[in-house]
Amino acid sequence: MKIELNHVTKTISRRLVIDDISLTLEGGKIWGIKGINGSGKTMLMRVISGLIKPDSGSVIIDGKVLWKDISFPESIGILIEAPAFLDGLTGLQNLQTLASIKNKISDDQIKQAILDVGLNPNLSKKYKAYSLGMKQRLGIAAALMEKPEIILLDEPTNALDVDGVELIKKLTRRERDRGALVVVSCHDEAIITELSDEIIYLSEGKVVKTMDRSEDDEKTVV
Amino acid sequence: MFIKLLKFDIKNGIIKRLWIFGLAFLLFILADVILYFQRLNIGIEHPELLEQNITLGDLLLYTVGGSKKFVMEDNASFIFPVLWAFVILVIAFAVLRYPTDELCGFGRHVLILSGNRKAWWISKCCWLFLSVGAYYYIMLISAIVFGCLTGATFNLNISEFLLQVMQFDLSALAQPPWNLWEPLLLHVWVVYTLCLMQMLLSLYLRPLISFFCTSAVLVFSVLFSSPVLIGNYAIPLRTENIITDNPMRIGLGFVVCTVLCAIMLVLGLFKINRMDILTKEE
């Protein structure tokens, strides 16, 4: 799995949110995105996921050009912004509804995904009654349950307690180890530094620095 | 994939929102009750009108009939067709938010998993058609239920008394029987076209603004009897089956609405294929 961004630029409401970003992301790694609020972390994830269309440049996913050959990456799990599910359904029912679109996984696998994030799959509580932390965990379960090749997690540790954060670290590493390309953005510097194999620093929509943590090789982008 | 998306829309956009159709049923029954008592009132002065049974066509026309042409003359009486407008705006409002809300929330997951933006739009067009169809089906059911309770005649012909209620000069009307079948079908098709226009506009503007656009088309259609304003085709009382003086041609209405639907289907595909999916706030 490989994602290539070539000179991607995006303006929203006259504000340049992505400014000429070129990157190559490969599978089997956790890519951390760091930057202050408004630096373009979420927008970069949206561009990769196909939710927003670049004004110029291209996004190529395993040789297929997004917005040309494909509308969305073919195997992707995302958690971007707050998780959004159907209020009147339980967590399991919500994930079953989503899983029914591709019909790739069984009920047992869905239940396992819920268990993996520390929730009870047999809980009869409706989603609207979930706490923020539970909603976040369910959002992560939804992103991971089909074992996608690309996983985008935007602030996955939001609303989670210490145990929850440790769980996310464990899960993202597990996904990386099975070969998935995991992109994580987080405002907590310690978490992103500990978790990522490579770190991309964003500022005002630009990549200002990348760092390969395995070699502690730092590159500053001019 | 399209079938899966459509199933999802039917389940979440219709079945889980059945309460809307329940309210619609009550609205239609209420309209039927009002007509029933109006008929009894007229019967006090003209007892001969009560000899004729009320028909299913009367019940439906009273609800969706609209009004005769507005003529700007001194002493010309004109009553804005509040019930007609309300009936259309209820369904227009009921289908207003589902597509865009869905796109910002849970539907975003669905869209990405489906991997197909075009299927999303076509599924929404079908969902809209089924929603509008279900709404008018409920109207028909409520008229049948009310008709059963009051001993109505089950045909779609319109009685003379109803046209009197609507303040028509009987000498200026088409030859009876006045049948509602075609104007009613055209009314439903026009409402679908208006709702499709509203759904398309919601991709460009805020949903509430697109709802105001729908309302504006209805108001202008009532005030200006022109084939260009498609709301006129949704007014059965202005069609060739009822009046002879410059009526709205039913065939032309179907053609105009079908062409508009086709254009909006294509424009929607064009837009959704290039559209950024952001949050509501953005």
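In case you missed it, the structure is sitting above this.
Residues numbered from 1 in each chain as written. Chains lettered and ligands numbered in written order. Predicted model: local features only at pLDDT ≥ 70, side-chain atom pairs only at ≥ 80, totals over all residues. Heavy atoms only, no water.

(A) Inspection of the overall build of chain A at higher detail. When its secondary structure is counted, chain A shows six helices and eleven strands. For 222 residues, the compact-globule estimate of 2.2 N^0.38 gives 17 Å, and chain A sits close to it at 17 Å. Dimensions of chain A, computed from the C-alpha atoms along their principal axes, are close to 55 × 35 × 35 Å. The buried share among the 222 residues of chain A stands at 55%. Across chain A, contacts joining residues at least 24 apart in sequence account for 62% of those joining residues at least 6 apart. In chain A, 30 side chains carry a positive charge and 33 a negative one; their mean positions are 5 Å apart. (Helix = DSSP H or I, 4+ residues; strand = E, 2+ residues; numbered from the N terminus. Rg over C-alpha atoms; globule rule 2.2 N^0.38 Å. Buried < 20%, exposed > 50% of the residue type's maximum accessible area, 1.4 Å probe, protein only. Contact = heavy atoms within 4.5 Å. Lys, Arg positive; Asp, Glu negative; His and termini not counted. Charge placed at Lys NZ, Arg CZ, Asp CG, Glu CD.)

(B) Representation of the side chain of Thr-157 of chain A in the model. Here Thr-157 of chain A is to be found in the loop between strand 7 (150-154) and helix 5 (162-177). Excluding residues that lie within four positions of it along the chain, Thr-157 of chain A makes contacts with Gln-136, Val-165, Cys-186 and Ile-191 of chain A.

(C) Focus on the packing of helix 2 (residues 91-102) of chain A against helix 3 (residues 107-116) of chain A. All names here are of chain A. Taken N-terminus to C-terminus, the directions of helix 2 and helix 3 make an angle of 130°; their axes are 10 Å apart at the nearest point. Here helix 3 runs oblique to helix 2, going by the angle between their axes. Here the hand of the crossing between helix 2 and helix 3 comes out right-handed. Across the interface between the two elements, Gly-91, Leu-92, Leu-95, Gln-96 and Ala-99 from helix 2 touch Asp-107, Ile-110, Lys-111 and Ile-114 from helix 3. A per-class count over the contact of helix 2 with helix 3 returns five nonpolar, two polar and two charged. (Axes fitted to C-alpha atoms, helices over the stretch in contact; angles between N-to-C directions. Parallel < 35°, antiparallel > 145°, perpendicular 65-115°, else oblique. Left-handed = near helix turned anticlockwise from the far one by under 90°. Nonpolar A, V, L, I, M, F, W, Y, C, P; charged D, E, K, R; others polar.)

(D) Representation of the interface of chain B and chain A. Counting from both sides, the interface comprises 25 residues of chain B and, opposite them, 28 residues of chain A. Both sides together, the interface formed by chain B and chain A hides about 2400 Å², and carbon and sulfur atoms give 63% of it. Looking at the side of chain B facing chain A, the largest losses of area belong to Phe-106, Ile-112 and Leu-113 of chain B, adding up to 30% of the total buried there. At the surface where chain B touches chain A, the tally comes to one salt bridge. The closest approach of N and O atoms between Lys-10 of chain A and Asp-276 of chain B, which form a salt bridge, is 2.5 Å. Looking at the side of chain B that touches chain A, the elements with two or more residues in it are helix 1 (2-13), helix 6 (106-114) and helix 11 (250-274) of chain B. (Buried area = accessible area lost by both parts, 1.4 Å probe. Salt bridge = Lys/Arg side-chain N within 4 Å of Asp/Glu carboxyl O.)

(E) A look at the sheet that holds strand 5 (residues 64-65) of chain A. Residue and element names in this part refer to chain A. Pairing is antiparallel across the open sheet formed by four strands, whose spatial order is 2-1-4-5. Two strands bound the open sheet, and with one partner strand each, they are strand 2 (15-26) and strand 5. Here strand 4 (residues 56-61) runs beside strand 5; their pairing, made up of two bridges, is antiparallel. Pairing of Ile-60 across the sheet is with Val-65, part of strand 5. Lying on the sheet, helix 1 (residues 41-49) is in contact with strand 1 (2-12), strand 2 and strand 4; it crosses strand 2 at an angle near 60°. (Pairing = 2+ DSSP bridges.)

(F) Broad picture of the environment of Ile-3 of chain A. Residues and elements named next belong to chain A. One can find Ile-3 in strand 1. Once the C-alpha coordinates of Ile-3 and Leu-25 are considered, the two residues, 22 residues apart in sequence, prove to be 5.0 Å apart. Discounting residues that sit within four places of it in the chain, Ile-3 has contacts with Leu-23, Thr-24, Leu-25, Ile-48, Val-59, Ile-60, Ile-61, Ile-150 and Leu-181.

(G) Broad picture of the pattern of salt bridges. According to the stated counting rule, one finds 18 salt bridges over all chains in the structure shown. A salt bridge links Glu-198 of chain A to Lys-29 of chain A; its shortest N-O distance comes to 2.7 Å. With Glu-198 of chain A in strand 9 (residues 198-203) and Lys-29 of chain A in strand 3 (residues 29-34), this pair connects stretches of sequence that are 169 residues apart. Assessed through its relative accessible area of 24%, Lys-29 of chain A is described here as partly exposed. The partner of Asp-9 of chain B in a salt bridge is Lys-124 of chain B, and the shortest N-O contact between them spans 2.8 Å. With Asp-9 of chain B in helix 1 and Lys-124 of chain B in helix 7 (residues 117-150), this residue pair connects regions lying 115 residues apart in the sequence.

(H) Spatial organisation of the pairing of strand 6 (residues 76-79) of chain A. Residues and elements named next belong to chain A. Burial of strand 6 is two-sided: the residues Ile-76 and Ile-78 facing one way and the residues Gly-77 and Leu-79 facing the other way are all buried. Alignment of strand 6 against strand 7, held across four bridges, turns out to be parallel. Note that in strand 7 the partner of Ile-78 across the bridge is Leu-152.

(I) Geometry of the side chain of Thr-63 of chain B. Residues and elements named next belong to chain B. The residue Thr-63 is located in helix 3 (residues 56-64) in this model. Side-chain polar atoms of Thr-63 contact the backbone oxygen of Leu-59, separated by 3.0 Å. Leaving out residues up to four positions away in the same chain, Thr-63 has contacts with Phe-28, Ala-31, Asp-32, Leu-83, Trp-84, Val-87 and Met-139. (Polar contact = N/O pair within 3.5 Å; in protein donor to acceptor, adjacent residues only side chain to side chain.)

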